Amino acid sequence: MTDFDATVVGAGPNGLAAAIELARSGRKTLLVEADREIGGGTRTEELTLPGFRHDVCSAIHPAGVASPYFNEIDLDVDWIQSPIPLSHPLDGGRVAVLNRSVDETASGLGEDGASYRRLMEPIVEQIDKYVEVALGPVKVVPDHPGALTRLGLLGGLPAAALVKRFDTEEGKGLFSGIAAHAIAPFYGLATSAVGLMLGAVAHSHGWPLARGGSRSITDALATRFEELGGKIELNREIDSVDDLPSGPVFLDVMPPAAHRIARTRISPSKARQLSRWRPGPGIFKVDWALDGPIPWADPSSRQAATVHLGGRYAEVAASERAVARGDHPKRPYVLLAQQSLFDDSRAPEGKHTAWAYCHVPNGSGVDMTEAIENQVERFAPGFKEIILERATRGAMGFQAYNPNYIGGDIGGGQYGLRKVLQIGAESPYSMGGDVYLCSSATPPGAGVHGMCGYHAVRAALG
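Below is a short write-up of the structure. (Residues numbered from 1 in each chain as written. Predicted model: local features only at pLDDT ≥ 70, side-chain atom pairs only at ≥ 80, totals over all residues. Heavy atoms only, no water.)

Focus: the sheet that holds strand E11 (residues 282–290)
Pairing within the open sheet is mixed, and its seven strands lie in the order E7-E6-E12-E13-E14-E11-E15. One side of each edge strand has no neighbouring strand; the edge strands of this open sheet are strand E7 (95–98) and strand E15 (387–393). For this sheet, the mean inter-axis angle between neighbouring strands, taken without regard to orientation, is 20°. Note: E11 against E15, six bridges, orientation antiparallel. For Val 286, the partnering residue across the bridge sits in E15 and is Thr 392. (Pairing = 2+ DSSP bridges. Helix = DSSP H or I, 4+ residues; strand = E, 2+ residues; numbered from the N terminus. Axes fitted to C-alpha atoms, helices over the stretch in contact; angles between N-to-C directions.)

Here it is in structure tokens:
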């Protein structure tokens, strides 16, 4: 117990990043994980049939390829880019496409092309500054005030307001599908920021998948940590920070667990802050083993690793609004990934995998399999005929799989200004008593980027 200078509890991407940064700074670091394996949301398993490898949670990694920290440490991951980052099918074989080129994307949006170009070009042209702003805490004295101002003015708007810049169903649909990654209704403030930043990153860095599965990100992080002399301990659940070695403790857990584990050390003000945290909506996910590629009605979706299924803007907005009020939409907005089209390690020769989920109310027990498959069939007639096997996991199944996913929430808490505007380079992470929170409940939030862990360590070390 006295052999370590620092301890990290929780071995998801943020916990691993925190452990690496501590080890890089010369601290002998212990990483403790309650589960039998590390990785959190970055795991890959044979969920359906032998030889079909499915990403259990995260699958497509725009934040990973753009992560300043992953790039700083030159993380050894083979990112695979699909020819088209993402598509958004519409009825009748129509489709909105986000290409790597802003100009090419704008050209495909017809009369909305000029509006799209004006919106995205300034961000893409200075993407490094915008990524630093978006993947970090909101500082009292910002490093890039111009980028922060523009992102605040435009990104602070509800997506329902920003989408009014578009007139066509293609333009509105494309933006709505990206903004819906906020897992929040479009009338919510700052939902536009998600659409703007994820769209800009798609143009500048792509929306790649990791060769071999998301597990390869975990393996690369763990290898780097152990090369630096760190130790990983599995199957150990921590009830109190008092049971850990002396020195700073970093918690890659959600606020309720952080309060329980660190209750003997944290300040009263931080305890009150943690008690105000609320989980966001959950998800329902389906993984398929397929007899062939998905038969999309439009040709562009066959070249995209990510496909947003929701139809017109009004339908996507209605789906997210229904979930926010506790309902289960009959036509849910579905996020689908088809990794095996671009990574042949995911399925036996001639076969394919697909991964999809929709948003549901937190703690939902409703089976959304039929609703999800109906949405795929709507835009890919014949899809149901090629299903060999499926595996499903609902909101509470995700909580059982990973206690950080409270009620099925994979986003680290309810999205909104309270989460976005956690101001200060130290205050979102420091809990007092040499204890730091480094999970996706802290800035910059959800995503496989490691930045929550990195910023927590920098807050501790100054």
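Comments concerning the packing of helix H1 (residues 13–24) against helix H18 (residues 451–461)
In contact at an axis separation of 6 Å, H1 and H18 are set at 40° when each is read in the N-to-C sense. Taken together, the axis directions place H1 and H18 in an arrangement best described as oblique. Here H1 and H18 pass one another in a crossing that is right-handed. On H18, the residues touching Asn 14, Ala 18, Glu 21 and Leu 22 of H1 are Met 451, Cys 452, Gly 453, Tyr 454, Val 457 and Arg 458. (Parallel < 35°, antiparallel > 145°, perpendicular 65-115°, else oblique. Left-handed = near helix turned anticlockwise from the far one by under 90°. Contact = heavy atoms within 4.5 Å.)

Considering the pairing of strand E13 (residues 334–337)
Taking every second residue as pointing to the same face, both faces of E13 are buried, with Val 334 and Leu 336 on one and Leu 335 and Ala 337 on the other. Both strand E12 (residues 304–309) and E13 contribute to a ladder of four bridges, which runs antiparallel. Note that in E13 the partner of Val 307 across the bridge is Leu 336. In this structure, E13 lies alongside strand E14 (residues 352–360), joined through four bridges in antiparallel fashion. When the bridges of E14 are listed, Leu 335 appears paired with Tyr 357. (Buried < 20%, exposed > 50% of the residue type's maximum accessible area, 1.4 Å probe, protein only.)

Section: the packing of aromatic side chains
For the structure shown, the criterion picks out ten aromatic pairs. Taking the centre distance of 5.0 Å and the plane angle of 85° together, the rings of Trp 288 and Phe 383 count as edge-to-face. One end of the pair, Trp 288, is in strand E11; the other, Phe 383, is in the loop between helix H15 (369–379) and E15, with 95 residues separating them in the sequence. Each of the two residues, Trp 288 as well as Phe 383, counts as buried. Relative to Tyr 401, the ring of Phe 398 has its centre 6.4 Å away and its plane inclined at 90°; by these criteria the two rings are edge-to-face. With a gap of three residues between them, Phe 398 and Tyr 401 both fall in helix H16 (residues 395–401), about one helical turn apart. Taken as a pair, Phe 398 and Tyr 401 share a single burial class, namely buried. (Phe/Tyr/Trp six-rings, centres within 6.5 Å; stacked < 30°, edge-to-face > 60°.)

A short note on the sheet that holds strand E1 (residues 6–9)
Reading across from one edge, E9-E2-E1-E10-E17-E16 is the order of the six strands in this open sheet, with mixed pairing throughout. Pairing within the sheet leaves two strands with one partner each, and these edge strands are strand E9 (231–233) and strand E16 (430–432). Pairwise comparison of adjacent strand axes, ignoring direction, gives a mean angle of 20° for this sheet. Across four bridges, the pairing between E1 and strand E2 (residues 29–32) is parallel.

Overview of the pattern of salt bridges
The final tally for this structure, using the stated rule, is 24 salt bridges. One network of salt bridges, in which partners are shared, links Asp 91, Arg 312, Glu 315, Arg 331 and Arg 378. (Salt bridge = Lys/Arg side-chain N within 4 Å of Asp/Glu carboxyl O.)

Overview of a nonpolar patch on the surface
A surface patch of nonpolar side chains, about 400 Å² in accessible area, is lined by Leu 189, Leu 417, Val 420, Leu 421 and Ile 423. By secondary structure assignment, the location of Leu 421 is in the loop between helix H17 (417–420) and E16. (Patch = residues over 30% accessible without salt bridge, like charges linked within 9 Å, V, L, I, M, F, W, Y side chains within 5 Å. Areas by Shrake-Rupley, 256 points an atom, 1.4 Å probe, with all protein chains shown as cover.)

Let's talk about the packing of helix H9 (residues 169–179) against helix H10 (residues 191–204)
Packed helices, taken two at a time, are described by the angle between their axes plus the distance between the axes. The N-to-C vectors of H9 and H10 enclose an angle of 100°; their axes lie 7 Å apart at closest approach. The orientation of H9 relative to H10 falls into the category roughly perpendicular. Contact with H9, carried on its side by Phe 175, Ile 178 and Ala 179, involves Thr 191, Ser 192, Val 194, Gly 195, Leu 196, Leu 198 and Gly 199 of H10 and no other residues of that element. Among the residues making up the contact of H9 with H10, the classes are represented as six nonpolar, four polar and no charged. (Nonpolar A, V, L, I, M, F, W, Y, C, P; charged D, E, K, R; others polar.)

A few points about unusual backbone geometry
A cis amide bond, omega 5°, links Pro 443 with the succeeding residue Pro 444. Mapped onto the secondary structure, Pro 444 falls in the loop between strand E17 (435–437) and H18. You will see that Asn 235, though not glycine, has its phi angle at about 55°, which is positive. The exposure class assigned to Asn 235 is exposed, which follows from its relative accessible area of 56%.

Considerations on a positive patch on the surface
On the surface, Arg 272, Arg 276, Arg 278 and Arg 418 cluster together into a positively charged patch. In this structure, Arg 276 sits in the loop between helix H13 (268–275) and E11. (Lys, Arg positive; Asp, Glu negative; His and termini not counted. Charge placed at Lys NZ, Arg CZ, Asp CG, Glu CD.)

Some points on the environment of Ala 11
Here Ala 11 is to be found in the loop between E1 and H1. The spatial distance from the C-alpha of Ala 11 to the C-alpha of Ala 297 is 41 Å, given a sequence separation of 286 residues. When neighbours within four sequence positions are excluded, Ala 11 is seen to be in contact with Leu 16, Leu 31, Val 32, Glu 33, Ile 38, Gly 39 and Gly 40.

Here's the deal with helix H14 (residues 313–324)
With twelve residues, H14 should reach 16 Å at 1.5 Å per residue; the first-to-last C-alpha distance of 17 Å fits that figure. Along H14, the positions that sit buried rather than exposed are Tyr 313, Glu 315, Val 316, Ala 317, Ser 319, Glu 320, Ala 322 and Val 323. Downstream of H14 by one or two residues, Gly 326 has phi in the positive range, about 95°. (Expected span 1.5 Å × (residues − 1).)

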